[in-house]
Amino acid sequence: MEAEGKRGEEEEEDEEEERWLLQSLHLYEVLHAFELQAPTRVIEWALGKRVCVAGYGCSGKNEILQLLPPPTLQAKESQGLCPQRDFKVECGGFSNRPVYNLKHVPDTSLLVTSGPPDSSLQVWQMSAEDSDVIKSVSAISTENSTGESWAKIATISARAPWVLHGSRLSSTQITEVESQKKVYVAASSSSEELSSLAFLDANTAVLCCTAGQLCLADIRQHSPLQALPIPSAQRGQCWCMAVGCRAPCSELSSQPIACLSSAGQLILMDVRKASQCLASAKCRVPSSSSSSEFLSVTWAPALEGCLAVSGFDGTVHIYDSQSWDGSGCEAQPLFVHKGHSFGERPLVTAHTWHPQKPRTVLSAATDGSLHIWDWVQPRGS
C-alpha cells in the first residue's frame, strides 16, 4: 500500500509538471533551463552580460564558473521553452572552500568571495582573452576571523575598488581590494550577526542584522554605530535586506529599503527615515517552511516598486509594492516562477534580476538547476 501511495504521488507530481510546462508557453517570453554540476547559492552579473556562479559543497573543491547566457535571450520575438545547455561555460576555477557569497568588483575583472570556515575573503581574477581560467590572486584576512561565521560582502569602485565585509556588526570594515588597505573599521561593540549589507554611495552603507536591526554607517565619521529595530518588525524571526535603485526624479538621498523576515513579513522604508515603516505586507509562505538559510529579497532595477522574494520553497514570487499600505495584509504576487518546484522539491537558493532587461530573472536551486526567465506582465496590472 505504501508503494502504491508513493507511485500515486509521483504520477500526480508528473502531471502537475506537465501542466506547468504547457502553461509556460503563455507565462514566459523566454525560459531557459541549465543543469549545473553542483548547486550554487550565488548568481552575480559581471563584465557586461556574463554570469558568475559557484558551488558551496563542504567537501572537496568548489567550481567557480563564468557563464555566457543564451543568445536567444536578446531576441525580440518570444522564444518560449528552450532546450538544455543553453548557457556557455567561458572560464572557471576552483575554490578550496564553500562559496557562500560572491561579488564582482565594478569596473574591474575581479571577484570577491566568502564562505566557511571563517570570515576571510578570497579575491579572484577573471580570465583574460587568451585564458579560460579564473585564478585566485589574494586573500583578505580579518582580525579574529577564526571562529567567526562567513562574511557578508558588498563591493563598489568609487575612489578605488573597495569591499565592505563582516560577519558581525562589530567586525564590519571596508578594505581596498588590491592593496588590502583598511579604509574603514566600524566602531561598535555589538556582536549582532549580519545578514546583508550594501553601499548606498561612496561614503555611506546600510547594514542589516539577522535579528532585525538596521544600521547606517558613514565612513567619514568615527562615532559608534547604532543598530535600530526594523519598524513594525515581529520578534523571533530572521531578517534580510535589499536596497533599491533611486527613482529618476527623487532626491539624491532617497533610496528604498525592503526587509524580509523568515515568516514572510515584508517592510518597506526610505533610507532617509529608516525608523519609519512606509508600507508592509505578508508574503505567501508555505507552512512547512522553517529554514532562513536562503532567504532573499531583491528590487527590480528597471521596474519601479517591483520586488522578488525567494528561499521559502522552490518558487520565486514577484510583487508590486506600489499598492501596499501599512496594514501588513497578505500580498498577491504578480507572478510566481514554479520551475524549480518539481522532482525532489528543491529550495531556491538564489535569484537576481537582469541589469538591463526589466522582467528577466535568474534563479538557482538546491538540485543544481539554473533558470533564466522573462515573465509576461499579467493583464490589468
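Residues numbered from 1 in each chain as written. Predicted model: local features only at pLDDT ≥ 70, side-chain atom pairs only at ≥ 80, totals over all residues. Heavy atoms only, no water.

- Going by an unreviewed UniProt entry, the chain carries the name WD repeat domain 73 and comes from Chrysolophus pictus.

## Overview of the pattern of salt bridges
1) Next: Overall, the coordinates contain 6 salt bridges when judged by the stated rule.
2) Next: In this structure, R41 engages E293 in a salt bridge whose closest nitrogen and oxygen atoms are separated by 3.1 Å. A residue pair is termed long-range when its members are at least 10 positions apart, and R41 in strand β2 (residues 40-46) and E293 in the loop between β22 (279-282) and β23 (296-299) qualify at 252 residues.
3) Next: Using a relative accessible area of 10% as the deciding quantity, one classes R41 as buried.
4) Next: Judged by relative accessible area, E293 falls into the partly exposed class, the value being 43%.
5) Next: Here R220 makes a salt bridge to D218, at a shortest N to O gap of 2.9 Å.
6) Next: Among the residues examined, D218 registers a relative accessible area of 18% and is labelled buried. (Salt bridge = Lys/Arg side-chain N within 4 Å of Asp/Glu carboxyl O. Helix = DSSP H or I, 4+ residues; strand = E, 2+ residues; numbered from the N terminus. Buried < 20%, exposed > 50% of the residue type's maximum accessible area, 1.4 Å probe, protein only.)

## Describing unusual backbone geometry
1) Next: Here the residue pair P116 and P117 is connected by a cis peptide bond, since its omega of 20° sits within 30 degrees of zero.
2) Next: Positionally, P117 belongs in the loop between β8 (110-114) and β9 (121-125).
3) Next: The backbone of D107 sits at a positive phi, close to 65°, despite the residue not being glycine.
4) Next: Of note, D107 is situated in the loop between β7 (101-104) and β8.
5) Next: Here D107 falls in the exposed class, since its relative accessible area comes to 75%.
6) Next: Of note in this structure, Q180 is not a glycine but carries a positive phi near 65°.
7) Next: Tracing the backbone through its elements, the reader meets Q180 in the loop between β13 (173-176) and β14 (182-185).
8) Next: On the basis of relative accessible area, Q180 is assigned to the partly exposed category, the value being 33%.

## A short note on the nonpolar core
1) Next: L164, L207 and L225 are the most contacted members of the largest nonpolar core, which totals 19 residues.
2) Next: For this core, the secondary-structure elements that each account for two or more residues are β11 (152-157), β12 (161-166), β15 (194-199), β16 (204-209) and β17 (213-218).
3) Next: Residues within four places of L164 in sequence aside, it is in contact with K152, I153, A154, T172, Q173, I174, L197, A198, F199, A205 and L207.
4) Next: Core analysis: the second largest hydrophobic core is formed by 18 residues, C240, L260, F312 and A331 among them. (Core = buried A, V, L, I, M, F, W, Y, C linked by side-chain atoms within 4.5 Å. Contact = heavy atoms within 4.5 Å.)

## What about the sheet that holds strand β21 (residues 265-270)?
1) Next: Pairing is antiparallel in the open sheet, where 4 strands are placed in the order β19-β20-β21-β22. The strands lining the two open edges of the sheet, one partner per strand, are β19 (239-243) and β22. For this sheet, the mean inter-axis angle between neighbouring strands, taken without regard to orientation, is 20°.
2) Next: Summarising the sheet, β19 and strand β20 (residues 256-261) pair through 5 bridges and their orientation is antiparallel. By the bridge assignment for β20, M241 is matched with C259. (Pairing = 2+ DSSP bridges. Axes fitted to C-alpha atoms, helices over the stretch in contact; angles between N-to-C directions.)

## Description of the packing of aromatic side chains
1) Next: In this structure the tally under the stated criterion is 9 aromatic pairs.
2) Next: Measuring from ring centre to ring centre gives 6.3 Å for Y28 and W373, while their planes differ by 90°; the resulting arrangement is edge-to-face. A residue pair is termed long-range when its members are at least 10 positions apart, and Y28 in strand β1 (residues 28-35) and W373 in strand β29 (residues 369-375) qualify at 345 residues.
3) Next: Among the residues examined, Y28 registers a relative accessible area of 1% and is labelled buried.
4) Next: What makes W373 buried here is its relative accessible area of 0%.
5) Next: Ring geometry for Y319 against W324: centres 6.1 Å apart, planes inclined by 65°, an arrangement best described as edge-to-face. Neither Y319 nor W324 differs from the other in exposure class; each is buried.
6) Next: Ring pairing ties together the aromatic residues Y28, F335, W373 and W375, which thus form one cluster.
7) Next: Positioned above the aromatic ring of Y56 is the side chain of R41, whose terminal nitrogen or guanidinium carbon lies 5.8 Å from the ring centre.
8) Next: It is R41 that lies over the ring of Y100; its NZ or CZ is 4.0 Å from the centre. (Phe/Tyr/Trp six-rings, centres within 6.5 Å; stacked < 30°, edge-to-face > 60°. Lys NZ or Arg CZ within 6 Å of the ring centre and 35° of its normal.)

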